[in-house]
Amino acid sequence: MKPFRYHSPKTVTSAFQIEEEESQYIAGGTNLVDLMKKQIQEPNAIIYVNEALFATIELKKKGVQINAMATNSDVAENNNIKKDYPLIAQAILAGASPQIRNMATTGGNLLQRTRCPYFYDTSLPCNKRKPNSGCGALNGHQRMAGIIGNSTSCVAVHPSDFCVALIALDAKVNITKKDGSQDTIDFKDFHRLPEDQPQKDTNLPEQALITSIFIPRNNFKNNVAYVKIRERDSYAFALVSTAAALELKNGKIKKVRLASGGVAHKPWRWKTSENFLKGRQANRKNFEEAARLAAAETKPLQHNTFKVALLEGAITEALLQSLSNSSKI
Amino acid sequence: MTNQQDSTKYSRRFFIKASSAFATLSLLPKTIKALYKDVKEALFVKKEIIPLSLRINKKEYTLNIDSRTTLLDLLRENLKLTGTKKGCDHGQCGACTVHLDEKRILSCLTLAATLVNKDVTTIEGLANDGSLHPMQEAFLEHDGYQCGYCTSGQIMSAVACVNEGRTTSTEEIKEFMSGNICRCGAYNGITNAIKSVAK
């Protein structure tokens, strides 16, 4: 690991006053410390922000605010989250291990890097790690690669489970910019597609800090499910995952949210499928058709067409599970 | 008179040797000079040393550490608390599990610098006045290991798993112990040990 200067500011203002070239914010460190050990990221300075930001979870009139330093465990074990936003708890508990969930923060989860094997191996080309070096996965190992929204420069996927639930629930990301001004980014616009700049994962401005996530109040709590398909039963990144949330009225679907992980450079919402389901009966036939519509939108690579079948299965299964209950936390 | 002692370290002979070495170097082509610079930087890395105070197993420590030091390396290399094991060193195996303020974490992915005034408990801190922790007893009783390398991480994780109340079924124990890999496959013994303590 390259030596670095270490700062531990106590406020956001003092964090912004630190003058360092090539600095990196750190919170839980579960991703960044690993990347530094592998010499994938080599900052000159580390700015530890846990003491500058808040870790509480606050109920608001119109929803819930999860402050940036709340750990994954804090969120998943929070009674209000479990009661009113069970999809969030289910998605978080489907990811990582208890040890990592005790360390990893909400803000950091959004900013974690891809687990594409080409990004992680410094002897191989990767446009995300080293712009203009090429994409090894484009004609290489594609098991963990995307099936929608890929570009010719990058086919990596966003690895988070938490973020799949957040995009499904129309969350918002509150940030503070370097000039001290505050801003809000819709979750759907927070992560970006690779296009020709895969080195940029998100639309977060330079040196800005995520201060909290806001989830608007909803009526999905009785009918949600998170289905994750992976290489082993636990403690593995998703090949394909799906978050489903339904609001039912007399057996018909009043509102629906469908989102997937492991399929694209950003957490992916299936709007066509949602529009199809709206107003229809909540039954297997309609769920399967919604899954087919989503599958039809994908453009898999040569070696990962199998993920389209997994996606269809995951969507159907998540919708069916969301009908039965939401108490599996 | 430390100054005098210092000056004897750098004798006239040393000065002549060193300056002729530098003179030779300045005659070398640029690429070799660049190589020398690389080698020098690799051999003599400019470390950032920072002060740190924390508690480990209820004992206060005040240290100066390289900013890059992980909690795992601090424990094993600096403090010789070698009960905590280095497995993968990349957060994939759980062998380095310790408790930070009573919660289980991975010491290999924790920068020691972030632990100012924190409370760390390692496997060495689990036994009480020479008598084993009930979970340690249970691992012995139920054969919760074969080679033993992952055991301290398994036990630290298991103690936390019971405290978190994630022991209502075999499936739940397995899910909440999935961050600890056992290459020998002693999982049944581990699960039984946890069940016996959770009762």
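Residues numbered from 1 in each chain as written. Chains lettered and ligands numbered in written order. Predicted model: local features only at pLDDT ≥ 70, side-chain atom pairs only at ≥ 80, totals over all residues. Heavy atoms only, no water.

Asks: Could you give an account of the overall build of chain B, with specific residues and numbers?
Replies: When its secondary structure is counted, chain B shows 8 helices and 5 strands. For chain B, the succession of helices and strands along the chain, N to C, is α-α-α-β-β-α-β-β-β-α-α-α-α. For chain B, the proportion of its 199 residues judged to be buried stands at 40%. A sequence separation of at least 24 residues applies to 52% of the contacts in chain B between residues at least 6 apart. (Helix = DSSP H or I, 4+ residues; strand = E, 2+ residues; numbered from the N terminus. Buried < 20%, exposed > 50% of the residue type's maximum accessible area, 1.4 Å probe, protein only. Contact = heavy atoms within 4.5 Å.)

Asks: Explain the overall build of chain A to me, and be specific about the residues and the numbers.
Replies: Of regular secondary structure, chain A possesses 13 helices and 12 strands. Relative to a compact globule of 329 residues, whose C-alpha radius of gyration would be 20 Å, chain A shows 19 Å and is just as compact. Here the C-alpha coordinates of chain A stretch approximately 60 × 50 × 35 Å along the principal axes. For chain A, with 329 residues in total, the buried portion stands at 59%. A separation of at least 24 residues holds for 64% of the contacts in chain A among residues at least 6 apart in sequence. Accessible surface for chain A amounts to roughly 13,600 Å². Of this, 47% is attributable to carbon and sulfur atoms. Chain A carries 44 positive and 31 negative side-chain charges, and their two centres are separated by 6 Å. (Rg over C-alpha atoms; globule rule 2.2 N^0.38 Å. Areas by Shrake-Rupley, 256 points an atom, 1.4 Å probe, with all protein chains shown as cover. Lys, Arg positive; Asp, Glu negative; His and termini not counted. Charge placed at Lys NZ, Arg CZ, Asp CG, Glu CD.)

Asks: Got a sec to walk through the pattern of salt bridges? Specific residues and values, please.
Replies: According to the stated counting rule, one finds 33 salt bridges over all chains in the structure shown. A salt bridge links B:Arg104 to B:Glu164, with the nearest nitrogen and oxygen atoms 2.7 Å apart. Placement of B:Arg104 in strand E4 (residues 103–106) and of B:Glu164 in the loop between helix H6 (151–163) and helix H7 (170–176) is noted, with a sequence separation of 60 residues between them. Judged by relative accessible area, B:Arg104 falls into the buried class, the value being 0%. Taken together, the salt bridges that share partners define one network made up of A:Lys37, B:Asp73, B:Lys86 and B:Asp89. (Salt bridge = Lys/Arg side-chain N within 4 Å of Asp/Glu carboxyl O.)

Asks: If you had to explain a nonpolar patch on the surface to someone new, which residues and values would you point to?
Replies: All names here are of chain B. There is a patch of nonpolar side chains on the surface, built from Leu35, Val39, Leu43 and Phe44 and spanning about 450 Å² of accessible area. Tracing the backbone through its elements, the reader meets phenylalanine 44 in the loop between helix H3 (30–43) and strand E1 (49–56). Given a relative accessible area of 62%, phenylalanine 44 falls into the exposed group. (Patch = residues over 30% accessible without salt bridge, like charges linked within 9 Å, V, L, I, M, F, W, Y side chains within 5 Å.)

Asks: I'd like a description of the interface of chain B and chain A, backed by residues and values.
Replies: Taken residue by residue, the interface counts 34 residues in chain B and 30 residues in chain A. Taken over both partners, the interface formed by chain B and chain A buries close to 2,600 Å², and the fraction arising from carbon and sulfur atoms is 57%. Our count for the contact surface shared by chain B and chain A stands at 3 salt bridges. Linking B:Lys103 and A:Asp74 is a salt bridge whose minimum nitrogen-to-oxygen distance equals 3.8 Å. At the level of elements, E4 and H7 of chain B are the ones that each hand at least two residues to the side of chain B that touches chain A. Considering every element that reaches the side of chain B that touches chain A, the biggest residue donor is E4(B), with 4 residues. In terms of residue class, the side of chain B that touches chain A is made up of 11 nonpolar, 13 polar and 10 charged. (Buried area = accessible area lost by both parts, 1.4 Å probe. Nonpolar A, V, L, I, M, F, W, Y, C, P; charged D, E, K, R; others polar.)

Asks: Run through the packing of helix H5 (residues 134–142) of chain B against H6(B), naming residues and quoting values.
Replies: Residues and elements named next belong to chain B. It is at 10 Å that the axes of H5 and H6 come closest, and there the two elements cross at 120°. Our classification of the angle between H5 and H6 gives oblique. Handedness of the H5/H6 crossing: right-handed. For the pair H5 and H6, the contacting residues are Met135, Gln136 and Phe139 in the first and Thr151, Gln154, Ile155, Ala158, Val159 and Val162 in the second. Within the contact of H5 with H6, the residues separate by chemical class into 6 nonpolar, 3 polar and no charged. (Axes fitted to C-alpha atoms, helices over the stretch in contact; angles between N-to-C directions. Parallel < 35°, antiparallel > 145°, perpendicular 65-115°, else oblique. Left-handed = near helix turned anticlockwise from the far one by under 90°.)

Asks: Just give me the short version of the pairing of strand E8 (residues 209–216) of chain A, but keep the residues and values in it.
Replies: Residues and elements named next belong to chain A. For E8, the tally of buried residues reaches 6 of 8 residues, placing the bulk of the element in the interior. Sheet analysis places strand E5 (residues 63–67) next to E8, joined by 5 bridges and oriented antiparallel. In the strand pairing of E8, glycine 63 is matched with proline 216. Looking at chain direction, strand E6 (residues 172–176) and E8 are connected through 5 bridges and run antiparallel. (Pairing = 2+ DSSP bridges.)

Asks: Got a sec to walk through the nonpolar core? Specific residues and values, please.
Replies: Core analysis: the largest hydrophobic core is formed by 52 residues, its most contacted members being A:Ile88 and A:Ile215. Here the element with the most residues in this core is helix H9 (residues 162–168) of chain A; it accounts for 7 residues. In contact with A:Ile215, not counting residues within four places along its chain, are A:Lys62, A:Gly63, A:Val64, A:Ile66, A:Tyr85, A:Ile88, A:Leu166, A:Leu169 and A:Ala171. If you look at the next biggest cluster of nonpolar residues, it comprises 37 residues, including B:Leu72, B:Leu79, B:Leu81 and B:Leu100. (Core = buried A, V, L, I, M, F, W, Y, C linked by side-chain atoms within 4.5 Å.)

Asks: An account of the side chain of A:Ser260 is requested, with residue identities and associated values reported.
Replies: Residues and elements named next belong to chain A. With respect to the helices and strands, serine 260 occurs in strand E11 (residues 252–261). Residue serine 260 is classed as buried on the basis of its relative accessible area of 0%. A polar contact is formed between the side chain of serine 260 and the side chain of tryptophan 270, at a distance of 2.8 Å. If sequence neighbours within four positions are ignored, serine 260 has contacts with Val164, Ser241, Thr242, Pro267, Trp268, Trp270 and Leu311. (Polar contact = N/O pair within 3.5 Å; in protein donor to acceptor, adjacent residues only side chain to side chain.)

Asks: Would you mind going over the state of the cysteines in detail, with residue names and values included?
Replies: All names here are of chain B. Scanning the entire structure with this criterion turns up 0 disulfides over all chains. The structure places no disulfide on cysteine 93, whose sulfur is separated from the nearest cysteine sulfur, that of cysteine 88, by 3.8 Å. Given the relative accessible area of 16%, cysteine 93 is considered buried. Among the cysteines around cysteine 108, which has no disulfide bond, cysteine 96 carries the closest sulfur, lying 3.8 Å off. (Disulfide = S-S within 2.5 Å.)

Asks: Explain the sheet that holds strand E2 (residues 23–26) of chain A to me, using residue names and the numbers behind them.
Replies: Residue and element names in this part refer to chain A. Read across the open sheet, the 3 strands follow the order E1-E3-E2; overall the sheet is parallel. The outermost strands of the open sheet, each flanked by one partner alone, are strand E1 (5–7) and E2. Between one strand axis and the next, the sheet turns through 20° on average, direction left out of account. Two strands pair when backbone bridges link them, and E1 and strand E3 (residues 45–48) are joined in this way by 3 bridges, in the parallel orientation. Bridging from a neighbouring strand, arginine 5 pairs with alanine 45 of E3.

Purely geometric stuff here, so don't read any function into it on its own.
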